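Residue strings, one per chain:
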Amino acid sequence: MAQAAHSLNSSKPLGHGHSVKRHTGLMDWITTVDHKKIAILYLWAGGLFFGIGGLEAILIRIQLIKPMNAFLDAQTFNELITMHGTTMIFLGVMPIIFALMNAVIPLQIGARDVAFPFLNALGFWTFLFGGILLNLSWIMGGAPDAGWTAYVPLSSTTYSNTHGVDFYTIGLQIAGLGTLIGGINFLATIITMRAPGMSFMRMPMFAWTTFITSAIILFAFPAVTVGLVLLTFDRILGANFFDVAGGGNPVLWQHIFWIFGHPEVYILILPAFGIISEVIPTFSRKRLFGYSSMVFATILIAFLGFMVWAHHMFTTGLGPVANALFSVSTMLIAVPTGIKIFNWLFTMWGGQVRFTTPNLFAAGFIPTFTMGGVTGVMLASAPADFQFHDTYFVVAHFHYVIVGGLVLGLFAGLHYWWPKMFGRMLSEKLGKWTFWTFIIGFHMTFFVQHFLGLMGMQRRVFTYLPNQQFDLLNLVSTIGAGLMGVGTILFLLNAFLTSRRPADAADDPWEDGRTLEWTIPSPPPEYNFKQTPLVRGIDAFWKEKTAGHKGMTPAEPVGSIHMPSATVLPFTMSVGIFIAGLGFMFSRDEFGNAFMSFLFNNYIVTAIGLVITFGSMLLRSLYDDHGWHIEPEELEGR
Amino acid sequence: MTTAHAEPANGTLPHEPEKATLEGRNKVLAFWLFLGGEAVLFGTLFATFLALRNQTNEGPSANELFHLPLVAAATFILLVSSLTSVFAIQAMHRGRVAQLRNWLLLTVLLGLGFLGLEIYEFAEYIRHENFGMTTSAFSSAFYTLVGFHGAHVAFGILWIAVLIGQLARKGLTVVTAPKIYVSAMYWHFIDVVWVFIFTVVYLLGKVG
Amino acid sequence: MATEQHSQEGVVKHRHRHEGPQKHIVVFIFSIVLTLIAFAAVAAGGVNPAFAVVLLLVMAVLQVFVQMGFWMHLKDRGHLIPIIFMIGGFFVAGTSIIMALYWVWWD
């Protein structure tokens, strides 16, 4: 980032004669529309929430370390498990996925930015303010306590009478808006911004999985938007969607939640598949085995992902026909997933495999994720699920998929692309320590939970009685969680130590880079590509290397590059939504103070928030962003 | 990206000014993607309504409540506004700014008429039929589905009104044209949703 | 895809004949007729409810189809991706409606 700033820090009139106002320091980050900086913002914010979610997990495990433990009370425990799940999924790993997508996708497809830089920033800020709103619940009267699924009637005002669940509904609504915006942005970017010659079937696998993930986001998030609106209306306006007394039906919530919730699982895992499909070929010095079958399997998983939601509801009582149908469709997903697993193995087979840190994580991913997949097929069998349901077996299963799959994939991706994002190679030595502590800790934590579940330990219980043979396995699990914590801290230490070293990473620091991001400096200049590259085949850079070329053939002469202007409006729009959400949430509260009651009960706070948001939208619409230009002399001057 | 904001050299707009720049094409494409998401949004609202349509909780039922003449009038108004929106885009393609503005104005007025009827309908139900948000699961689902559509209409009216203002100030350019085109897509989509609402909510509600 | 369409239009730009309002008026009249049939069937009463459901849904789907095709230009060249994503949206919407009709209430 630094060198982009110094070479372009000119205020001479550019382009249409609009002078460029360049911000520095904090204002630079608040107003940026550069996808590479937004990636770093996503990484910081996602990493922060990941840390909070991790602390919550450690607290949960400390409470469960021994039977009848009194470390936490039941209410706090309920709040912790709810916030752990919600935070990790929506505010931890999804933003880190978006960080990698933002950092890598425009580079991989040979673009100078995403299709909508403004929306990109807006997506980040709405996510961040949604996440902040959700976490404010800790200090504003109690966190949500109805589980991350917020099943009614547990999440109704009858059983959850603090504002906790309101923070959940409104916070997720706002964060979800950001995710939806991000999804649409990446779809448009991949459809229209690919470099000349890069057909869909020449796209790197990570670009493909980003594309499909974004499509799933587009079709799944509106469902949860509606679900959260209905729950909000039930809780705040007294509507009867899920209230049996008023004619509502709680099963409807379960359906709507899982129509979103199951595709959400694929939103999480597909990007990890993409990362693994980049890392393994690079460090095997072989092209990805079965590229087109990989693409096909990705699309098939996305499609099937929308037809399996009721497997979360086998015990609800939908009847044998529905249960059989959803059993079969769920088991079908094992086929495309199996195709992927074998393709990765065949890519490594006969390759010149180098076990760098990213490749260690990728290699660790394959067996770990496969175990999660296999327990998934076990759970897909409806009769067996009646036994497994709501036990620690399920907890073990989804942590194998999400941590053993996605989080290992994210670690692989972060180590792999760190030099591209920050211009500095992470320490391999510390990286390997991170890998081993994390993966050993992971298996210690969750492998034993399979057996805890099979022995009958229920999930979401805040404590358990002694002498049920639960004691030792829970102790092992808690020690494992501590080790995972150590692994994460080692990674943070690695990132911190690396940041103090000079930024000297080469353009192609792993030396076997195959895709376009490795053809440009690390970190890339603000405009990414001085000349848009011409793509001649799959693994475009590798193709040029095998032809004996040092770099890409340009598809255009060096010319003036148009850049979008920095703007504070995405930030103010998100602040407005945040204020409106808080105002709506407390609109039915009685305040001791007459002025506060007046402000909130008349929706004045909500109105102020909406005025800020719509006012910012109006400003965006009224004043055209002409952007500015980087002239060829400046490009050559670097 | 390099020539993104270049004005046409000879000062005339291309035949489809909304697709003259990469930004314009991106905008139109992304709006289609957004409408795909909107389809899921309204689909889920319809699903909720269908699941709860008979849960009247001893309040008024669909058959007792709805008056078809009012719905028919609203339907006709919205359908005509969709046609005026088509004519607006045709005028835009011909570069006739005054016509474009007039068609857009007409669209906004018709939208206001539709919204007025809907507000009147809701007010009648609440005041005279004892049918509010909290009456029953059916009432909650009805107000949420139809209200979401109404909110979309209201947003569309504001949006197109702002664009009429921009048209007056900036004229028809490769920047304003995609905005107008996209707002027309939005308006048609609102009409499409209404087709399902009058069919599923009102007519099928009458059939029982 | 969008670029293809654009360049193709660029060639014929100067000779392009603007489409007239006729076919849009035809679509409008068609929509009005479908709407009238639907309202009339319900207003007249006495129609078999099962038949009415099918009739009304067919009228609605036909109307949506022509409006999206002609007024939203989905039938024109260069709309493959919009069509794919609209089908995707309607598909997911359809699954939730099936859910609502069959799997929310049971005895």
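Basis of the calculations
- Residues numbered from 1 in each chain as written.
- Chains lettered and ligands numbered in written order.
- Predicted model: local features only at pLDDT ≥ 70, side-chain atom pairs only at ≥ 80, totals over all residues.
- Heavy atoms only, no water.
- Helix = DSSP H or I, 4+ residues; strand = E, 2+ residues; numbered from the N terminus.
- Rg over C-alpha atoms; globule rule 2.2 N^0.38 Å.
- Buried < 20%, exposed > 50% of the residue type's maximum accessible area, 1.4 Å probe, protein only.
- Contact = heavy atoms within 4.5 Å.
- Areas by Shrake-Rupley, 256 points an atom, 1.4 Å probe, with all protein chains shown as cover.
- Lys, Arg positive; Asp, Glu negative; His and termini not counted.
- Charge placed at Lys NZ, Arg CZ, Asp CG, Glu CD.
- Buried area = accessible area lost by both parts, 1.4 Å probe.
- Salt bridge = Lys/Arg side-chain N within 4 Å of Asp/Glu carboxyl O.
- Polar contact = N/O pair within 3.5 Å; in protein donor to acceptor, adjacent residues only side chain to side chain.
- Nonpolar A, V, L, I, M, F, W, Y, C, P; charged D, E, K, R; others polar.
- pLDDT = per-residue confidence, 0-100.
- Phe/Tyr/Trp six-rings, centres within 6.5 Å; stacked < 30°, edge-to-face > 60°.
- Lys NZ or Arg CZ within 6 Å of the ring centre and 35° of its normal.
- Expected span 1.5 Å × (residues − 1).
- Axes fitted to C-alpha atoms, helices over the stretch in contact; angles between N-to-C directions.
- Parallel < 35°, antiparallel > 145°, perpendicular 65-115°, else oblique.
- UniProt positions renumbered as here; feature names shortened; annotations may be inferred.
- Left-handed = near helix turned anticlockwise from the far one by under 90°.

Novice: Go over the overall build of chain A with me, naming the residues and quoting the values.
Specialist: When helices and strands are counted, chain A shows 21 helices and two strands. Relative to the compact-globule value of 26 Å for 638 residues, chain A shows a C-alpha radius of gyration of 25 Å, a close match. Seen through its C-alpha atoms, chain A measures out along the principal axes to roughly 70 × 65 × 45 Å. Taken over 638 residues, chain A has a buried fraction of 62%. Taking contacts inside chain A between residues at least 6 apart in sequence as the whole, the part at least 24 apart equals 81%. Of the roughly 22,600 Å² of accessible surface on chain A, 69% is carried by carbon and sulfur atoms. One finds the centroid of the 33 positive side-chain charges in chain A at a distance of 10 Å from the centroid of its 34 negative side-chain charges.

Novice: An account of the interface of chain C and chain B is requested, with residue identities and associated values reported.
Specialist: With 52 residues of chain C at the interface, the matching set in chain B holds 50 residues. Of all residues in chain C, F39, W71 and M72 of chain C give up the largest surface area on contact with chain B, accounting jointly for 16% of the area buried on that side. Put simply, chain C and chain B have zero salt bridges between them. Along the contact surface separating chain C from chain B lie three residue pairs in polar contact (both at pLDDT 80 or more). Looking at the side of chain C that touches chain B, the elements that each hand over two or more residues are α1 (2-12), α2 (22-44), α3 (49-71) and α4 (80-102) of chain C. If one sorts the elements of the side of chain C that touches chain B by residue count, α4 of chain C sits on top with 13 residues. Counted by class, the side of chain C that touches chain B contains 34 nonpolar, 15 polar and three charged residues.

Novice: Tell me about the interface of chain A and chain B, and name the residues and values.
Specialist: Taken together, the contact pairs 45 residues of chain A with 38 residues of chain B. With both chains or domains summed, chain A and chain B bury close to 3,300 Å², and 72% of this area falls on carbon and sulfur atoms. Contact with chain B buries surface across chain A, with V226, F241 and H562 of chain A losing the most and accounting together for 15% of the total. Summed over the shared surface of chain A and chain B, the result is two salt bridges. Put simply, K179 of chain B and D624 of chain A hold a salt bridge, and the shortest N to O gap is 3.8 Å. Linking chain A with chain B are 11 residue pairs in polar contact (both at pLDDT 80 or more), by the criterion used here. Within the residue set of the side of chain A that touches chain B, elements represented by two or more residues are α6 (164-192), α7 (205-237), α8 (250-284), β1 (561-563) and α20 (604-622) of chain A. Per element, the largest residue contribution to the side of chain A that touches chain B is 10 residues, and it comes from α7 of chain A.

Novice: Account for the confidence of the model for chain A, with residues named and values stated.
Specialist: Residues of chain A with pLDDT of at least 70 account for 96%, and the chain-wide mean is 94. Residue range residues 1-18 of chain A is modelled with pLDDT below 50. Its contacts to residues more than four positions away, or to other chains, number 35 contacts.

Novice: Can you lay out the environment of Q254 of chain A for me, pointing to particular residues and giving the numbers?
Specialist: Residues and elements named next belong to chain A. Here Q254 lies in helix α8. On the basis of relative accessible area, Q254 is assigned to the buried category, the value being 11%. Sequence spacing of Q254 and W309 is 55 residues, and the spatial spacing of their C-alpha atoms is 9.5 Å. When residues no more than four places from it in sequence are discounted, the contact partners of Q254 are Y151, M313 and T316.

Novice: Give me the environment of P509 of chain A: which residues, what numbers.
Specialist: Residue and element names in this part refer to chain A. Inspection of the secondary structure puts P509 in the loop between α16 (471-499) and α17 (540-546). When the C-alpha atoms of P509 and G423 are compared, they prove to be 9.3 Å apart, with 86 residues separating the residues in sequence. If sequence neighbours within four positions are ignored, P509 has contacts with P419, M425, W518 and S522.

Novice: For the packing of aromatic side chains, give the residues involved together with the corresponding values.
Specialist: Evaluation of the coordinates by the stated rule reveals 85 aromatic pairs over all chains. Between Y42 of chain A and F124 of chain A the ring centres are 5.1 Å apart and the planes differ by 85°, which places this aromatic pair in the edge-to-face class. Placement of the pair is Y42 of chain A in helix α3 (residues 35-63) and F124 of chain A in helix α5 (residues 117-136), with a sequence separation of 82 residues. Put simply, the rings of F49, F66, F114, F122, Y125, F131, F138, F142, Y143, W194 and Y202 of chain B touch in pairs and so form one group of aromatic residues. The cationic tip of R194 of chain A hangs over the ring face of F200 of chain A; the distance from NZ or CZ to the ring centre is 4.0 Å.

Novice: Could you give me a rundown of α5 of chain A, with the residues and numbers involved?
Specialist: With 20 residues, α5 of chain A should reach 28 Å at 1.5 Å per residue; the first-to-last C-alpha distance of 29 Å fits that figure. Counting buried positions over the 20 residues of α5 of chain A gives 18, a clear majority of the element.

Novice: Would you mind going over the pattern of salt bridges in detail, with residue names and values included?
Specialist: All names here are of chain A. Summed over all chains, the structure comprises 16 salt bridges over all chains. Between K432 and E428 there is a salt bridge, with the nearest N and O atoms lying 3.8 Å from each other. One end of the pair is K432 and the other is E428, both in helix α15 (residues 428-454) and four residues apart, which spans about a single turn. You can call K432 partly exposed: its relative accessible area is 31%. One salt-bridge network, held together by shared partners, links R285, R354 and D512.

Novice: How would you sum up the packing of helix α12 (residues 357-380) of chain A against α15 of chain A? Please name residues and give values.
Specialist: When two helices pack together, their arrangement is captured by the angle between the axes and the distance separating the axes. Residues and elements named next belong to chain A. As a packed pair, α12 and α15 sit with axes 10 Å apart at the nearest point and diverge in direction by 10°. The angle between α12 and α15 falls in the class roughly parallel. Here T357, P358, L360, F361, G364, T368, M371 and T375 of α12 lie close against α15, whose contacting residues are E428, G431, K432, T434, F435, W436, I439, F442, H443, F447 and H450. Partitioned by chemical class, the residues of the contact of α12 with α15 number nine nonpolar, eight polar and two charged.

Novice: Break down the side chain of N26 of chain B for me, citing the residues and quoting the values.
Specialist: Position of N26 of chain B relative to the elements: it lies in helix α1 (residues 22-52). When its relative accessible area of 2% is taken as the criterion, N26 of chain B is described as buried. Residues in contact with N26 of chain B, not counting those within four places in the same chain, are A115, F116, T192 and M193 of chain A.

Novice: Mind laying out the UniProt feature "transmembrane region" (unreviewed entry) in chain B, listing which residues take part and the relevant values?
Specialist: Residues and elements named next belong to chain B. UniProt marks residues 29-50, 70-91, 103-120, 140-164 and 185-205 with the feature "transmembrane region" (unreviewed entry), using the numbering shown here. What you have in residues 29-50 is 100% helix and 0% strand, and the ends, taken at the C-alpha atoms, are 31 Å apart. From the first C-alpha to the last, residues 185-205 spans 29 Å; its make-up is 100% helix and 0% strand.

Novice: Lay out unusual backbone geometry in plain terms, naming residues and giving numbers.
Specialist: Residue and element names in this part refer to chain A. For the peptide bond that leads from V152 to P153, omega is 5°, which places it in the cis range. With respect to the helices and strands, the residue P153 is situated in the loop between α5 and α6. For the peptide bond that leads from S522 to P523, omega is -10°, which places it in the cis range. With respect to the helices and strands, the residue P523 is situated in the loop between α16 and α17.

Novice: Can you tell me about the packing of α6 of chain A against helix α18 (residues 569-585) of chain A, naming the residues and giving the values?
Specialist: Residue and element names in this part refer to chain A. Remark: α6 packs on α18, axes separated minimally by 10 Å, with the N-to-C direction vectors making an angle of 160°. For the element pair α6 / α18, the angle class is roughly antiparallel. Judged by the twist between their axes, the crossing of α6 over α18 is right-handed. On α18, the residues touching D166, F167, I170, I174 and L177 of α6 are I577, F578, G581, L582, F584 and M585. Grouping the constituent residues of the contact of α6 with α18 by class yields nine nonpolar, one polar and one charged.

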